[in-house]
Amino acid sequence: MIGTKKGVDWENTFPGVTAPFGMMQFSPDTQSGPTGYSYTDDAIKGFSLDHFSGGCSSFGDIPILPVTGAVGDNPAGRTEHFSHNDEHSAPGSYSVALTDSNVQVDLGATTRTGIASFRYPSGSQAQVLVKSGTSLGGDLTADVQVVNDHELAGTTTPHGLCNNSKYTMYFDITFNRPFTAHGTWQGTAVTPGSSSATGPGSGAYLTFDTSTDSTVTAKVGMSYVSTTGAAKNMAAEIPGWNVKHVQADTRAAWRTLLRKVDVGGASTDELTTFYTSLYRSFQSPSVFNDVDGRYIGFDNVIHRVPAGHTQYATFSDWDIYRSLAPLQTMLYPQRAGDMANSLLRDAQQQGGWWPKWPSQNMTGNVMNGDNGVPLFAQYVAFGARGVNVADALPIMEKGATQSQKVGWGWTERPGVEDYVRLGYAPNNATSQGDHGLQGASETLEWSIDDFAISQLAGAIGDRTTAATYAKRGQNWQNIFDPSTGYLRPRDDNGAFPAGPGFQTPPAGTFGQDGYDEGNAAQYNWLVPQDIAGLVAAMGGKDKVIPRLDDFFSQLNAGGNAPYDWAGNEIDTAAPWVYDYVGQPWKTQEVARRFETQLFTTAPDGLPGNDDNGALSSEYVWAALGMMPATPGTPTLALNSPLVKRAVISLGTGRTITINAPQAADNAPYVTGMQLNGRSYGSTALPASFATRGGALDISLSTSPDTHWATSDKAAPPSYRTDEVPAIGYLTPTGTQVTPGGTSLPATVGASSLAGHAGTVRWTAGSDIAGVSVTPSSGTLDLTHATTADVPVTIAVAQGTPSGYHPVKVSFRTADGKALPGGAVVVTVPAADGAATACDTLGTTDTECGMRLRDNGDGHTTPVTIGGRSGRSTTDGSPFEYFDVDNTIVPGGQYQATVTIDYYDHGTGSWSMQYDSTNGAYKQSPSVAKTGTDTWKTATFTVDDAAFHNGENAGTDFRLANSGDTGTIGRVHVTVTGDNVLALHLCPDDN
């Protein structure tokens, strides 16, 4: 039951039964578990067929619940209480007693089929509820059909992963004996004797005679192809009715798998934690094709996987590329080859775009980065067999150079053209993620992705592509700010935000602006391809080590604090950075705290969301004494083993043996090591180790050895080709308010990176005549210094137009090599004290200080009507949400005038809805539509707007449409009041 209880975060493991990589994950769902099960609940809604240990409510399809007595008037909402004292979970089996009806449940599963035994009280009115229209993520359509007196079948089409897109699952359920009655329901309308039902909330019930036999056994097959496919899967995998035999066979399959990593010499609790972690590491990705090889593709066409191979789905790629994929590949290279080729087929079937968090036959598009790319590269690097790299590479290059909406509206790399042009992803509306703007983290992830492409190209001898993407793999340099020592978001002009690198996020937010699910301190170590270069940029080891020490003073601080957040995958390999700076004993100490303080055998025994086995795999690696360090390479960086001995049976037929006789909780420190009988003094294993294996003999102590493997040569490899010799900067950073007739003192500087920069030439300039820099050019001497700077003055002339006026500084070496530069945005306020912004809507919006945010009940579609472009509301989405730039309107007490151009079609009205300064949610007077089919203007004036990003997706207000479809062409806002930065960002206002 480890990981089924919310601790620091929802951990979201499921306690039910599944085979290794099983499509069928047959498990109970309770009242409040976001992905199915919560340990603190005491009632079960049903036993559904599919699950995932992720971060949003999805899957949980076709819950089945045995009950007694009348089905009642709300069968879909019926639950059964239970106690953990009557619950048992183990690899291959799950059982529980339902106390309301006194039914004993025993579950088993094969790859695609589940089997359940329901033992009712003798003589009771036994019912089986099949809740076919109540998936965890919400159903769009559903149907169930009674086929005969012992079988029913149906489909469900729920919302896809995290409410994105949709998928269809088919099921077939047979019973070991006839039911005596049946019926269906739709919502609270229960129809006895009915044989079919359709729609969300629908389902069927079956009644059994228990007067002579109190046990009912059900088999349920699932498929993503057809109900016939579900029935065939069932017939092939479970031909009989013996639940215990199925449980035993699946348990044997798990035993075979778990024995591939044979460890010993640790406490009972540590061994339990290790093997449950290993168990969770092989539940996903899941088999997606039927037993006959057929599967539904990303093109919604039925395909057949080549004989002897498997199509996989449910790739939590952002989470699993770091540590899970290497572990799975080393043990099962053939399966890993199928996983890699599954990703390739997905890409080929959706027009040649690499999938992003592919789930079922659709892209989930969760998290930043192009994470399917390093996932594929990890499979290749760690020895996956039969991978078609040559066909994959052009698809990856396409997504790395151009952006296009695909399928339901997702984009592989949004705005990648700017990334290619600028060398970084601007922190603008295009970088919007689930929790805010993410330009910095996007840049870092894409740099990793590009490095992975380089490694793949090199693997097949494509030197030109390898060189191109190795250079792009160094794009992290373009967001390094020497003035703060942080990797930071940059805007379209190249300016970093004002202030320090780490800034505590506002209350109620998740992560710092510019970073997805984290902050500047956590993302500052995410350059796994060039840690040595990062260390140099940060000022060298002497400056980096104290920052590491402070960072790891807390191990699981969450996304808003400047410390390690071990419960998320951003810093999977961060403890191993100490290996690169000559203090490996600190890697050993931090990793040991990770193992012993954050993982336990309790129900809340994980440090965070397991993310389809990602966190579990981190524990497995750490306990063995190593961690995959550089995505796209087989580099394994070392800590120290928690166990005294381990024998790992690789899929190549080779073995890894680890002997550490002094291993103990309090003895993490390496004092010596031998590899294959020879003394070894490096903190990374040879590249061949992951596939060819070897023998490690490790001496450990309770005291740090500050001499073992501390030299530069002992560090894991960094890939430093294409590092720039220096990085330029301009301070102050960010947006600086400078009224006409005043000036701003500033500093132009440069900091060494790869060294040998010599003389650096710089040139400064503005986009407008009224803003000047004195001096406007010069040189900086880095011949014998790591940094150099010079003061400058930025002057704003009287009469300079209100607005943002970037001042940019370009830097070049003496031989003309361009270096990353700096910028500041000089902000000239308007004399009237008002901030104005506007957004002209259409296929491509023209945003001037305000933007439309599509989300939730505010999805819009671009249209051209009445000679103008605009955006129309859609079914179920009557709102259009707008966010005013926080720089000019950060939140306070405002007077606002909102003017809209709308197409006057049909009946209904428009109004403005917003959070007021007294906390009430308010609506302006409505403006009625009169059906003239012409463009009109409406104005809403309010004097108590808070504009504190309190609406959906962090917006400031929404425009509410009633009646017929509403279309808006342009929105303009004028704001005065507290802390307004008086800029006229709408061009017509200047």
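Residues numbered from 1 in each chain as written. Predicted model: local features only at pLDDT ≥ 70, side-chain atom pairs only at ≥ 80, totals over all residues. Heavy atoms only, no water.

Across its full length, the protein chain holds 18 helices and 57 strands. Taken over the C-alpha trace, the protein chain has a radius of gyration of 30 Å; the compact-globule value for 990 residues is 30 Å, and the two agree within 12%. The dimensions of the protein chain, computed from C-alpha atoms along their principal axes, are 95 × 85 × 50 Å. Within the span of the protein chain, comprising 990 residues, buried residues form 61% of the whole. Within the protein chain, contacts between residues separated by at least 24 positions form 70% of all contacts whose residues are at least 6 apart in sequence. Working note: accessible area of the protein chain is about 33,400 Å², and carbon and sulfur atoms make up 48% of it. Seen as two clouds, the 59 positive and the 96 negative side-chain charges of the protein chain have centres 7 Å apart. (Helix = DSSP H or I, 4+ residues; strand = E, 2+ residues; numbered from the N terminus. Rg over C-alpha atoms; globule rule 2.2 N^0.38 Å. Buried < 20%, exposed > 50% of the residue type's maximum accessible area, 1.4 Å probe, protein only. Contact = heavy atoms within 4.5 Å. Areas by Shrake-Rupley, 256 points an atom, 1.4 Å probe, with all protein chains shown as cover. Lys, Arg positive; Asp, Glu negative; His and termini not counted. Charge placed at Lys NZ, Arg CZ, Asp CG, Glu CD.)

Now for the layout of surface pockets. In this structure, the second largest pocket occupies an estimated 700 Å³ of space. Around the second largest pocket, the lining is made up of 28 residues, and of these Leu-422, Asn-478, Leu-819, Pro-820 and Gly-821 lie nearest the centre. Sorting the residues of the lining of the second largest pocket by element identifies helix H9 (416-422), helix H11 (463-472), strand S43 (803-813) and strand S44 (818-828) as the ones contributing at least two each. For the lining of the second largest pocket, the per-class residue count stands at nine nonpolar, ten polar and nine charged. (1 Å grid on protein atoms, 1.4 Å probe; cavity = no way out; pocket = protein on both sides within 12 Å on 5 of 7 lines; lining within 4 Å. Points joined across faces, edges and corners; volume = space filled by probe spheres on them. Nonpolar A, V, L, I, M, F, W, Y, C, P; charged D, E, K, R; others polar.)

This part covers the nonpolar core. By size, the foremost hydrophobic cluster in this structure holds 218 residues, and its most contacted members are Phe-47, Leu-49, Phe-175, Trp-354 and Tyr-379. What Tyr-379 contacts, discounting residues up to four positions off in sequence, is Pro-285, Phe-315, Ala-325, Thr-329, Ala-336, Met-339, Ala-340, Leu-343 and Ala-384. The next biggest cluster of nonpolar side chains, apart from the first, holds 32 residues, and it includes Trp-910, Leu-959, Leu-983 and Leu-985. (Core = buried A, V, L, I, M, F, W, Y, C linked by side-chain atoms within 4.5 Å.)

So, about helix H7 (residues 372-381). With nine of ten residues buried, H7 lies mostly within the body of the structure. Those residues of H7 that are buried are in contact with helix H4 (317-320), helix H5 (324-331), helix H6 (333-349), helix H8 (389-399) and helix H10 (439-459). Following H7 by one or two positions, Gly-383 has its phi on the positive side, about 100 degrees.

Turning to the state of the cysteines, a few remarks are in order. Following the criterion strictly, the structure yields two disulfides and no others. Covalently, Cys-56 is tied to Cys-162 through a disulfide, its sulfur atoms 1.9 Å apart. Judged by the sign of its S-S torsion, about -75 degrees, the bond between Cys-56 and Cys-162 is left-handed. Pair noted here: Cys-56 is in the loop between strand S3 (43-48) and strand S4 (64-68) and Cys-162 is in the loop between strand S11 (151-158) and strand S12 (169-175), with a separation of 106 residues, a long-range link. The class of Cys-56 is buried, set by a relative accessible area of 14%. There is a disulfide in this structure between Cys-838 and Cys-986, and the S-S distance comes to 2.1 Å. Residues Cys-838 and Cys-986 share a disulfide whose torsion about the S-S bond is about 95 degrees; that sign makes it right-handed. One end of the pair, Cys-838, is in strand S45 (residues 835-840); the other, Cys-986, is in the segment after strand S57 (967-977), and 148 residues separate them in sequence. Comparing Cys-838 with Cys-986, the two get one shared label, buried. Disulfide connectivity for the protein chain, with bonded cysteines indexed by sequence position, reads 1-2, 3-4. Cys-848 takes part in no disulfide bond, and the closest cysteine sulfur, belonging to Cys-838, lies 4.3 Å away. (Disulfide = S-S within 2.5 Å.)

Along strand S17 (residues 215-223), eight of the nine residues are buried, which leaves the element largely enclosed by surrounding structure. As paired elements, strand S8 (residues 113-119) and S17 share seven bridges and run antiparallel to each other. By the bridge assignment for S17, Gly-114 is matched with Val-220. Strand direction decides the pairing type here: S12 and S17, joined by six bridges, are antiparallel. Bridging across to S17, Phe-175 finds its partner in Ala-218. (Pairing = 2+ DSSP bridges.)

Looking at the protein chain, the domain boundaries give domain 1 (63-256), domain 2 (287-635), domain 3 (726-828) and domain 4 (835-977). Between domain 1 and domain 4, the C-alpha centre-to-centre distance is 47 Å. (Domains from an automatic or database assignment.)

Our focus in this paragraph is the UniProt feature "domain: Glycosyl hydrolase family" (unreviewed entry) in the protein chain. In the numbering used here, UniProt assigns the "domain: Glycosyl hydrolase family" (unreviewed entry) feature to residues 229-701. Secondary structure across residues 229-701 divides into 38% helix and 12% strand, with the first and last C-alpha atoms of the span separated by 57 Å. (UniProt positions renumbered as here; feature names shortened; annotations may be inferred.)

Right, let's talk about the packing of aromatic side chains for a bit. Taken as a whole, this structure holds 30 aromatic pairs when the rule is applied. Aromatic pair Phe-47 and Tyr-94: ring centres 6.4 Å apart, planes at 55 degrees, arrangement tilted. Pair noted here: Phe-47 is in strand S3 and Tyr-94 is in strand S6 (residues 93-98), with a separation of 47 residues, a long-range link. For the pair shown, Phe-47 and Tyr-94 are each scored as buried. Taking 5.1 Å as the distance between ring centres and 80 degrees as the angle between the ring planes, the aromatic pair formed by Tyr-419 and Trp-446 counts as edge-to-face. Of the two residues, Tyr-419 is situated in helix H9 and Trp-446 in helix H10; the sequence distance between them amounts to 27 residues. Put simply, the rings of Phe-52, Phe-59, Tyr-167, Tyr-224, Phe-288 and Trp-357 touch in pairs and so form one group of aromatic residues. Above the ring of Tyr-332, the side-chain terminus of Lys-260 is found at 5.1 Å from the ring centroid. The aromatic ring of Phe-879 is capped on one face by Arg-958, whose charged end is 3.5 Å from the ring centroid. (Phe/Tyr/Trp six-rings, centres within 6.5 Å; stacked < 30°, edge-to-face > 60°. Lys NZ or Arg CZ within 6 Å of the ring centre and 35° of its normal.)

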